Amino acid sequence: MVTYAIVELDDGLTVTTVQPGQSPEDAAAASCGVLVDSGPYVTYEDACDALAELETANDDERQ
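All values reported here derive from a predicted model rather than from experimental measurement.

K.L.:
How should the side chain of Thr-3 be read in this particular structure?
P.N.:
On the secondary structure map, Thr-3 appears in strand S1 (residues 3-9). Classification of Thr-3 by relative accessible area gives buried; the value is 15%. Not counting chain neighbours up to four residues away, the residues in contact with Thr-3 comprise Thr-16, Thr-17, Val-18, Pro-40 and Tyr-41.

K.L.:
Honestly, the sheet that holds strand S2 (residues 12-18) in this entry has me stumped. Any pointers?
P.N.:
Strand pairing in a sheet relies on backbone hydrogen bonds, with the paired strands running either antiparallel or parallel. If you walk across this open sheet you meet the three strands as S2-S1-S3, and the pairing is antiparallel. On the outer flanks of this sheet lie S2 and strand S3 (34-41), each paired with one strand and no other. Averaged over all pairs of adjacent strands, the angle between their axes in this sheet comes to 25 degrees, without regard to strand direction.

Calculation notes
- Residues numbered from 1 in each chain as written.
- Predicted model: local features only at pLDDT ≥ 70, side-chain atom pairs only at ≥ 80, totals over all residues.
- Heavy atoms only, no water.
- Helix = DSSP H or I, 4+ residues; strand = E, 2+ residues; numbered from the N terminus.
- Buried < 20%, exposed > 50% of the residue type's maximum accessible area, 1.4 Å probe, protein only.
- Contact = heavy atoms within 4.5 Å.
- Pairing = 2+ DSSP bridges.
- Axes fitted to C-alpha atoms, helices over the stretch in contact; angles between N-to-C directions.

Now the structure itself:
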């Protein structure tokens, strides 16, 4: 079953697909990014919600 994880790319955070049998770290590397949150998130929407929460938390820390 495909799951999702959050990775950081040069231009910010994004959601990436983790294929069955693939580690979240390998999925991040395949996206040329660094793993931020391995989840696993079962749906893309769940991963996007978590990403939005991370971005909000980061914004709050900067203020």
